[in-house]
Amino acid sequence: MNLPIHNDWRPILEEAMTQPSYRSLREFLKQEYRTQTIYPQMYDLWTAFEWTPYQRVKVVILGQDPYHGPHQAHGLSFSVQPGVPLPPSLQNIYKELEADVGARPVAHGYLKHWADQGVFLLNTVLTVRAHQAHSHRGKGWEELTDFVIEKLNERETPMVFILWGSAAKAKRAKIDESKHAIITSVHPSPLSAYRGFFGSRPFSKANAYLKQWHQQPIDWQLPIVINESRSFPS
């Protein structure tokens with residue numbers, strides 16, 4: 001697969017791609033994209049890395065695998081493309097966002113405003129078959145995202161890791177908690193949100209850490225209107 005990244009993530013990912021687990025993953029993905037409907041589209045696979053350069057990461061929001069419905073996933077955890085209805089997990093994120101920091105609800109799910117400020121929206125697995133949640137688990141993505149988390153952990157500048165759900169929390173061992181901050185809860189999906197996601201206040205907590213480190217806090221308020229549009233095949 002081509003690597004359409006033009007920032008300081010590129011050498012890190014190129015190093016990750018020398019690992020045997022990635023070579024196996026690459027062959028698997030070639031076959032999957034050729035024979036199945038896979039999300040996100042191949043050209044969107046590395047969007048989180050392109051939009052949030054390595055040295056600019058302040059907050060990592062780690063999920064599990066991409067949305068598996070049409071036109072939803074575009075390479076950022078929890079974000080959907082402009083014009084796509086809000087998935088239930090994102091609706092719950094917005095509810096907590098409003099309760100936590102008073103952010104006004106928006107009708108879109110396009111999280112580029114966060115990515116542009118240094119919020120790295122990563123999943124533990126970066127691809128999925130259409131309508132088959134977790135279908136690309138155990139194929140090699142976990143090793144690559146382990147590598148990514150380890151490289152973030154090596155950075156001297158502290159950052160906040162927000163780990164939502166068991167797949168994300170499994171990465172905790174890769175993070176030096178004497179240097180970085182970790183915020184965890186259950187996943188925001190409707191199956192678990194009422195078991196500890198609501199009321200967890202991850203957004204204000206993340207900003208409190210950033211202020212403590214004399215870093216600019218995140219403006220969590222998403223723009224009410226977005227100017228970007230995507231056209232989808234019928």
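The text that follows walks through the structure, step by step, so that each part is easy to find. None of the values given here were measured: they were computed from a predicted structure.

### Re the overall build of the protein chain
Along the backbone of the protein chain there are eight helices and six strands. Along the protein chain, from the amino end to the carboxyl end, the secondary structure elements read α-α-β-α-β-α-α-β-β-α-β-α-β-α. Against the compact-globule benchmark of 17 Å for 234 residues, the protein chain has a radius of gyration of 17 Å, which places it among compact chains. Dimensions of the protein chain, computed from the C-alpha atoms along their principal axes, are close to 45 × 40 × 35 Å. The proportion of buried residues among the 234 residues of the protein chain is 53%.

### A closer look at the pairing of strand 6 (residues 181-185)
Burial analysis of strand 6 places four of its five residues in the buried class, the great majority of the element. Sheet analysis places strand 5 (residues 160-164) next to strand 6, joined by five bridges and oriented parallel. Residue pairing for strand 6: I162 is matched across the bridge by I183.

### Topic: the environment of H108
Here H108 shows up in the loop between helix 4 (88-101) and helix 5 (112-116). For H108, a relative accessible area of 7% gives the class buried. With 112 residues separating them along the chain, H108 and W220 place their C-alpha atoms 14 Å apart. Excluding anything up to four places from it in sequence, H108 contacts L86, Y94, L222, P223, I224 and I226. In this structure the side chain of H108 is engaged in a polar contact, spanning 3.1 Å, whose partner is the backbone nitrogen of Y110.

### Quick notes on the environment of K30
Inspection of the secondary structure puts K30 in helix 2 (residues 20-35). A relative accessible area of 34% places K30 in the partly exposed class. Counting along the chain gives 167 residues from K30 to F197, while the straight-line C-alpha distance between them is 36 Å.

### Quick look at the sheet that holds strand 3 (residues 119-123)
The parallel open sheet is built from four strands, whose spatial order is 3-2-5-6. The sheet is open, and its two borders are formed by strand 3 and strand 6, each paired with just one other strand. For this sheet, the mean inter-axis angle between neighbouring strands, taken without regard to orientation, is 15 degrees. The pairing of strand 2 (residues 59-63) with strand 3 spans five bridges and is parallel. In the sheet register, V60 faces strand 3, and the bridge partner there is F120. Along the sheet face, helix 8 (residues 202-212) touches strand 2, strand 5 and strand 6 and points at about 160 degrees away from the line of strand 5.

### What to know about the packing of aromatic side chains
This model, assessed by the stated rule, comprises 16 aromatic pairs. With centroids separated by 5.8 Å and ring planes inclined at 65 degrees, the aromatic side chains of W46 and W141 adopt a geometry described as edge-to-face. With W46 in the loop between strand 1 (38-39) and helix 3 (47-51) and W141 in helix 6 (residues 141-154), this pair connects stretches of sequence that are 95 residues apart. Exposure class is identical for W46 and W141. Each is buried.

### Side note on the nonpolar core
By size, the foremost hydrophobic cluster in this structure holds 68 residues, and its most contacted members are W9, W46, W114 and L152. Take this core: its biggest share by element is six residues, from helix 6. Ignoring anything within four residues of it in the chain, the contact list for L152 reads W9, Y54, V57, V60, F120, M159, F161 and H180.

Conventions and cut-offs
- Residues numbered from 1 in each chain as written.
- Predicted model: local features only at pLDDT ≥ 70, side-chain atom pairs only at ≥ 80, totals over all residues.
- Heavy atoms only, no water.
- Helix = DSSP H or I, 4+ residues; strand = E, 2+ residues; numbered from the N terminus.
- Rg over C-alpha atoms; globule rule 2.2 N^0.38 Å.
- Buried < 20%, exposed > 50% of the residue type's maximum accessible area, 1.4 Å probe, protein only.
- Pairing = 2+ DSSP bridges.
- Contact = heavy atoms within 4.5 Å.
- Polar contact = N/O pair within 3.5 Å; in protein donor to acceptor, adjacent residues only side chain to side chain.
- Axes fitted to C-alpha atoms, helices over the stretch in contact; angles between N-to-C directions.
- Phe/Tyr/Trp six-rings, centres within 6.5 Å; stacked < 30°, edge-to-face > 60°.
- Core = buried A, V, L, I, M, F, W, Y, C linked by side-chain atoms within 4.5 Å.

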